[in-house]
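Coordinate analysis (summary)
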Amino acid sequence: MITFKTFTFLIEEEDQSSHLGHLDHPYQMHVLYGKRGAEQAVNDLKSVHDYFTTGKSNKISASRKVDGGVSVIISNHPTFGPSVSTKSAFNVKPKINYTEEDIDKNHGHAPGLANTLKHLLKHGKNLVNSGHSVQGDVLYTSEPKKTEDNKVSTTPNRIEYRHEGAPKKFGIALHTEYEGNTAKTGVSPKAINSTKNIFVADTDFTPKPEHYSEKNRNIASKHLELAKELVNKHGDHFDVSKEHKEHILTYMNSLRSEAGPIATPTHQGYIDHLNKIKERKKASVKTSRAKEEKESHFNELQNEVNNNKSKFKSIFDFHDHTNKVTEALTSTLAHNKASNFSSHIDNAPSTDEGIVIANKSNRNILFKLVPNKIASALKYNPRFNRTP
């Protein structure tokens, strides 16, 4: 069987940390990875702040984040030819599709996905040059709509994208190229062959100092210093249990309002959040004994929070500081527009989803910067609303 390593000749089996899967927000990294994650978040945000201030960096590269559909890898092996894959190409037993039969075997249980991959394999076989592998998010495969001003319109997820000209065989936002054994933001011209029948969204993001206002620079500088001070003084506070990690992350996400702003996390807010989960867990079981066990377990979690108030305050304060830095940095999206498409939410013009950052000095580790307003729009997507 052909492994993904053989297939791309660039990914080491023992180190797949640089594959582009889920991307972390900087304001989550202290919860996910403890003190080490907090240090990384501060260093990375400082590098982005410097990059946006000067327009120059040898540490950081940036690309435009697009709210697309399924993420696919399109490759062209010099021996085996073109293929399409999902992120399952990175599995221990990779699923790589050179033929429609491969797609039926690997993805036949999901007919919609299988049809998309077959369409990409048929119409995208000349997209990538031999020896190259790129990744992107699908924007459309079927005939997209047209707007009143005759622009092509597609809404693969929450954000609507519009582009000029006639509809193509498919639309895709290519954002990553695999080179060496790392994922690199952006796709080099040498990787791409023909885009004649394909719409490829421009994901280039080149920051300009004039887009980063003095007000937002000052906000970022202030909260970077406060976040750094927290790491230096209380970095050990960021090490929490696996269960607390899960609950803290869901609590932080619950602070997003539908209008966009995010509330400041607090000790009491987290206690109340645990109370809500406790009541849901108790309601999910039937016997008195099971309910008592849930009550006792969550009481222990709450007691831990109450007995370590300064620890949890550090966690919430770091989130607040790094979130404010993220907001300051993503303010530049309002001025830095894509060259060949526009973004819309509920028919109103919008900024793009966010910015993907690669740290070139740290094995090209990637993370994302998403404005609170966009994150809230994604969270409160009406397509996912369920009526009681």
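Structure: above.
Residues numbered from 1 in each chain as written. Predicted model: local features only at pLDDT ≥ 70, side-chain atom pairs only at ≥ 80, totals over all residues. Heavy atoms only, no water.

What about the overall build of the protein chain?
Note the threshold: The numbering of helices and of strands both runs from the N terminus, where a helix is a DSSP run of H or I of at least 4 residues and a strand a run of E of at least 2. As a reference, a globule follows 2.2 Å times the number of residues to the power 0.38, and the radius of gyration itself is taken over C-alpha atoms. Exposure categories follow from relative accessible area, calculated using a 1.4 Å probe and restricted to protein chains: below 20% of the type maximum is buried, above 50% is exposed, and the middle band is partly exposed.
When helices and strands are counted, the protein chain shows 10 helices and 14 strands. Taking 2.2 N^0.38 as the reference for a compact globule, 388 residues should give roughly 21 Å; the C-alpha atoms of the protein chain span a radius of gyration of 23 Å, in line with that estimate. Along the first, second and third principal axes, the C-alpha set of the protein chain runs to 60 × 55 × 50 Å. Expressed as a percentage of the 388 residues in the protein chain, the buried residues total 50%.

Remarks on the sheet that holds strand β1 (residues 60-65)
Across a sheet, strands are paired by hydrogen bonds formed along the backbone, either parallel or antiparallel in direction. Stated precisely, the cut-off is as follows: Any two strands with at least two DSSP bridges between them are considered paired. Axis geometry follows a simple rule: fit a line to the C-alpha atoms, using only the stretch in contact for helices, then measure angles between N-to-C directions, giving values from 0 to 180 degrees.
With antiparallel pairing, the three strands of this open sheet are ordered in space as β1-β13-β14. The open sheet has two edge strands, β1 and β14 (365-369), and neither has a second partner. When the angles between neighbouring strand axes are averaged without regard to direction, this sheet yields 25°. Where strand β13 (residues 354-359) lies against β14, five bridges are found, and the strand directions are antiparallel. Within the sheet, the bridge partner assigned to Ala 358 lies in β14 and is Leu 366.

Examining the packing of helix α6 (residues 242-254) against helix α9 (residues 309-330)
Defined as follows: Reported orientations rely on four angle classes, namely roughly parallel under 35 degrees, roughly antiparallel over 145, roughly perpendicular from 65 to 115, and oblique for the rest. By definition, turning the near helix anticlockwise from the far helix through less than a right angle yields a left-handed crossing, and turning it clockwise yields a right-handed one. Only heavy atoms matter for contacts: two residues are in contact if any of them lie within 4.5 Å across the pair. When residues are sorted by character, Ala, Val, Leu, Ile, Met, Phe, Trp, Tyr, Cys and Pro go into the nonpolar class, Asp, Glu, Lys and Arg into the charged class, and all the rest, Gly among them, into the polar class.
It is at 12 Å that the axes of α6 and α9 come closest, and there the two elements cross at 45°. When the axis of α6 is compared with that of α9, the two are oblique. The element α6 and its partner α9 pack so that their crossing is right-handed. Residues His 244, Ile 248, Tyr 251 and Met 252 of α6 touch α9, and the partners they reach there are Phe 312, Ile 315, Phe 316 and His 319. Its residues assigned to classes, the contact of α6 with α9 shows six nonpolar, two polar and no charged.

Points about the packing of aromatic side chains
Any two aromatic rings considered together are summarised by their centre-to-centre distance and by the angle between their planes. Operational definition: Stacked, tilted and edge-to-face are the three classes applied to pairs of Phe, Tyr and Trp rings, where Trp contributes its six-membered ring and a pair requires centres within 6.5 Å; stacked means planes under 30 degrees apart, edge-to-face means over 60, and tilted covers the rest.
Overall, the coordinates contain 11 aromatic pairs when judged by the stated rule. Taken together, a centroid distance of 6.0 Å and an interplanar angle of 55° make the contact between Tyr 51 and Phe 52 tilted. The pair Tyr 51 / Phe 52 is uniform in exposure class, with both members buried.

With respect to the pattern of salt bridges
Our working definition: Salt bridges are identified by distance alone: a Lys or Arg side-chain nitrogen within 4 Å of an Asp or Glu carboxyl oxygen.
All chains considered together, the criterion is met by 14 salt bridges. In this structure, the salt-bridge partner of Lys 282 is Glu 279, at a minimum N-O distance of 3.8 Å. One end of the pair is Lys 282 and the other is Glu 279, both in helix α7 (residues 267-283) and three residues apart, which spans about a single turn. Classification of Glu 279 as partly exposed rests on a relative accessible area of 43%. Taking the shortest distance from any N to any O, the salt bridge between Glu 293 and Arg 289 comes out at 3.6 Å.

Side note on helix α10 (residues 372-379)
Inspection of α10 places Asn 372, Ile 374, Ala 375, Ser 376 and Ala 377 among the buried residues, and these make up the whole buried set. On the buried face of α10, the contacting elements are α9, β11 (342-345) and β12 (348-350).

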